[in-house]
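# Chains, contacts and geometry: an overview
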There are 2 protein chains.
Amino acid sequence: MSEFKLYSFFRSGTSHRLRIALNLKGLTSEYIPINLRTEQHLGEEYRKINPQGFVPSLVTGGTVLTQSPAIIEWLEESYPNPPLLPASMKDRATVRAMAALVGCDTHPINNRRILEYLRKQFGASEDQVNAWCTHWIEEAFDALEVLVKESNSKGTFCFGDTPTLADVYLVPQVESAKRFKVDLKRWPLIQAIDENCSQIAAFANAAPMKQMDAS
Amino acid sequence: MSEFKLYSFFRSGTSHRLRIALNLKGLTSEYIPINLRTEQHLGEEYRKINPQGFVPSLVTGGTVLTQSPAIIEWLEESYPNPPLLPASMKDRATVRAMAALVGCDTHPINNRRILEYLRKQFGASEDQVNAWCTHWIEEAFDALEVLVKESNSKGTFCFGDTPTLADVYLVPQVESAKRFKVDLKRWPLIQAIDENCSQIAAFANAAPMKQMDAS
């Protein structure tokens, strides 16, 4: 039996992100699906594990870890090999900035709960919801493409020739962009990186449609 | 002359967060105001420093650091004393989860650019904008209050008896909550922590109205 229990929803970008990080670290986990569509995450039972009611949560021994950025930093500290951050402090800051650009400035704004609010409180149509998501993704990818270019990436990965935290964050965001039919041609580096990641088992096996709760 | 140049806007929550972290580390910086109201952050000159056009940026030597979560982790690695993260990996994950709850799930959603979008694309009234901000702050503080309580805080700080990353993130979010007239009485621990932080020079001197560009 695995030492980890992963509470996840196949389509959740933050769950996807954590699945990639676990796979890159070579860690297996017991997958416990939490269905966001039926609002299982807001039910009393799951709230006992994670009071915020968000996925993912990672449980190991008696410890409950929440918030994917915190869990992924914990993984990096607890299982340093293979590293998901470069060695130099400056480079680490670059990679973390790329991750934050997705993790703070993009994903949370296009989150399910936000879109539900737009629909319910502002009467947003599906076209307006799509325009909203597309707008924030485009703004972020425009900036990220420059950051990646300036980091002298040859387009293998966001930073250097091995996957880092930045790729862990980027790939689920590209997945979401594809779902909103955002045309990725505008960002050739991001598109190439996503393609390169998809060739790696750790990324491929973390994909939403590969999960037991995919539907 | 200071070795740091801090590009900041007095009212920006992420700038505020970084000012607190710099102060707690005992680091001084040259303050360079970037006026978000006149959209100076979107101008060509500032984009040369930070292509995303966001504040804050921290420049040291020839290195430009962007994205406050990345900059603050860089500060923690470069200037480990006093530490802003606890020693044990589990506790570090707890503190980082509290920070992410604010830094990912709250602040970015109530950001200036988001509110502008709501006004322009959804014709949101100021009442609707306030309701939006209040909603996300309440949801976050409800969850954070539980996290803080479960971490056995006595209400001095978010975690333990010295300031951590969690307080660095929380205080600017409370500042924003006050501006939106959110009633803080609902979260006695958060309210006490904010009050305790305000007694510390590193926090007090980082406050928006103490900055040279305050208006």
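Residue numbers here run from 1 along each chain, matching the order of that chain's written sequence. Here every chain gets a letter starting at A, and every ligand a number starting at 1, in the order they are written. Only residues with pLDDT of at least 70 get local features here, since the model is predicted, and only at 80 or more are side-chain atom pairs given and counted; chain-wide, interface and lining totals rely on the full set of residues. Values reported for side chains reflect all heavy atoms of the structure, with hydrogen atoms and water molecules removed beforehand.

## Points about the packing of helix H5 (residues 112-122) of chain A against helix H6 (residues 126-150) of chain B
Our working rule: Axes here mean lines fitted to C-alpha atoms, for a helix over just the part in contact, with angles spanning 0 to 180 degrees between N-to-C directions. Only DSSP runs of H or I with at least four residues qualify as helices, and only runs of E with at least two residues qualify as strands; both kinds are numbered from the N terminus onward. What makes a crossing left-handed is the near helix being turned counterclockwise from the far one by less than a right angle; a clockwise turn instead makes it right-handed. The criterion used for residue contact is that any of the two residues' heavy atoms lie within 4.5 Å. Side-chain classes follow a simple rule in which Ala, Val, Leu, Ile, Met, Phe, Trp, Tyr, Cys and Pro form the nonpolar group, Asp, Glu, Lys and Arg form the charged group, and the remainder, Gly included, forms the polar group.
Contact geometry of H5(A) with H6(B) gives a least axis separation of 13 Å together with a crossing angle of 145°. Where H5(A) crosses over H6(B), the two elements pack in a sense that is right-handed. For the pair H5(A) and H6(B), the contacting residues are A:Arg113, A:Ile114, A:Tyr117, A:Leu118, A:Gln121 and A:Phe122 in the first and B:Gln128, B:Ala131, B:Trp132, B:His135, B:Trp136 and B:Glu139 in the second. In the contact of H5(A) with H6(B), the residues fall into 7 nonpolar, 3 polar and 2 charged.

## Let's talk about the pairing of strand S4 (residues 63-66) of chain A
Applicable threshold: Pairing between two strands is assigned when DSSP locates at least 2 bridges connecting them.
The sheet contact formed by strand S3 (residues 57-60) of chain A and S4(A) spans 4 bridges and is antiparallel. Residue pairing in the sheet places A:Ser57 in a bridge with A:Thr66 of S4(A).

## Quick notes on helix H7 (residues 165-179) of chain B
Residue and element names in this part refer to chain B. Condition: Here the expected length of a helix is defined as 1.5 Å per residue gap, with one fewer gap than residues. Note on exposure labels: buried denotes an accessible area under 20% of the residue type's maximum, exposed denotes more than 50%, and partly exposed covers the range between, all computed with a 1.4 Å probe on protein chains only.
The first and last C-alpha atoms of H7 sit 22 Å apart over 15 residues, in line with the 21 Å expected at 1.5 Å per residue. With respect to burial, H7 is a largely interior element, 12 of its 15 residues being buried. Two residues or fewer after H7 comes Lys 181, characterised by a positive phi angle close to 60°.

## Focus on the relation of the copies chain B and chain A
Formally: Least squares is the method used to superpose the copies, on C-alpha atoms of residues holding a pLDDT of at least 70 in both.
With an axial shift of 0.0 Å and an RMSD of 0.0 Å, the rotation relating chain B to chain A amounts to 180°. Taken together, the turn and the small shift mark the pair as related by a two-fold rotation axis. Residue B:Cys104, judged by its C-alpha, is the member of chain B lying nearest the rotation axis, at 2.2 Å.

## Describing the side chain of A:Gln67
Here A:Gln67 is to be found in the loop between S4 and helix H3 (68-78). A:Gln67 sits in the buried class, given a relative accessible area of 9%. Contact partners of A:Gln67, with chain neighbours within four places excluded, come to A:Gln52, A:Pro56, B:Ala97, B:Ala100, B:Leu101 and B:Asp105.

## Comments concerning the interface of chain B and chain A
For clarity, the cut-off: Two N or O atoms form a polar contact when they lie within 3.5 Å of each other; inside protein one atom must be a possible hydrogen donor and the other a possible acceptor, and for residues adjacent in sequence the pair counts only when both atoms belong to side chains.
On the chain A side, the residues contacting the 42 residues of chain B number 42 residues. In this structure, the connection of chain B to chain A is made through 12 residue pairs in polar contact (both at pLDDT 80 or more). Looking at the side of chain B that touches chain A, the elements with two or more residues in it are strand S4 (63-66), helix H3 (68-78), helix H4 (89-103), helix H5 (112-122) and H6 of chain B. Of the residues in the side of chain B that touches chain A, the class split is 24 nonpolar, 9 polar and 9 charged.

## Overview of empty space enclosed by the protein
Test applied: The method works on a 1 Å grid over the protein atoms by themselves. A cavity is a set of points holding a 1.4 Å probe that cannot get out, a pocket is an open set with protein on both sides within 12 Å along at least five of seven lines, and residues with an atom within 4 Å of a point line them. Grid points are joined across faces, edges and corners, and a volume is the space filled by probe spheres set on the points.
All chains considered together, the criterion is met by 3 cavities of 30 Å³ or more. The calculated volume of the largest cavity comes to roughly 300 Å³. Taken together, 21 residues line the largest cavity, and the ones lying closest to its centre are A:Pro69, A:Glu73, A:Tyr169, B:Pro69 and B:Glu73. Of all the elements in the fold, those that place two or more residues in the lining of the largest cavity are H3, helix H4 (89-103) and helix H7 (165-179) of chain A together with H3, H4 and H7 of chain B. Class assignment of the residues belonging to the lining of the largest cavity gives a composition of 15 nonpolar, 2 polar and 4 charged.

## Focus: the domain arrangement of chain A
All names here are of chain A. What counts is decided by this rule: Note that the domain bounds were set by an automatic or database domain assignment.
What the domain assignment reports for chain A is domain 1 (4-82) and domain 2 (89-202). Measuring from the centre of the C-alpha atoms in domain 1 to the corresponding centre in domain 2 gives 20 Å. On the domain 2 side, the residues contacting the 18 residues of domain 1 number 14 residues. Taken together, the connections running from domain 1 to domain 2 amount to 3 residue pairs in polar contact (both at pLDDT 80 or more). Of all the elements in the fold, those that place two or more residues in the side of domain 1 that touches domain 2 are helix H1 (13-24) and H3. Sorting elements by how many residues they give to the side of domain 1 that touches domain 2 places H1 first, with 8 residues.

## Concerning the confidence of the model for chain A
To be explicit about the condition: Looking at any residue, its pLDDT shows the predictor's confidence there, from 0 to 100.
For chain A, mean pLDDT is 95; residues scoring 70 or higher make up 100% of the total. Scored by ipTM, the complex comes to 0.97, with pTM at 0.97.

## Observations concerning the packing of aromatic side chains
Stated precisely, the cut-off is as follows: Geometry of aromatic contacts follows a simple scheme: Phe, Tyr and Trp rings, the Trp one being its six-membered ring, pair when their centres are within 6.5 Å, and the pair is stacked under 30 degrees between planes, edge-to-face over 60, tilted otherwise.
On inspection of all chains with the given rule, the structure shows 24 aromatic pairs over all chains. With a centroid separation of 5.4 Å and an interplanar angle of 45°, the aromatic rings of A:Tyr117 and B:Trp136 are classed as tilted. Residue A:Tyr117 is found in helix H5, and its partner B:Trp136 is found in helix H6; the two belong to separate chains. Judged by its relative accessible area of 11%, A:Tyr117 falls in the buried class. Assessed through its relative accessible area of 1%, B:Trp136 is described here as buried. Ring plane angle 85° and centroid distance 5.3 Å describe the contact between B:Phe141 and B:Trp187, whose orientation is recorded as edge-to-face. A residue pair is termed long-range when its members are at least 10 positions apart, and B:Phe141 in helix H6 and B:Trp187 in the loop between H7 and helix H8 (188-198) qualify at 46 residues. Judged by its relative accessible area of 0%, B:Phe141 falls in the buried class. Judged by its relative accessible area of 1%, B:Trp187 is buried.

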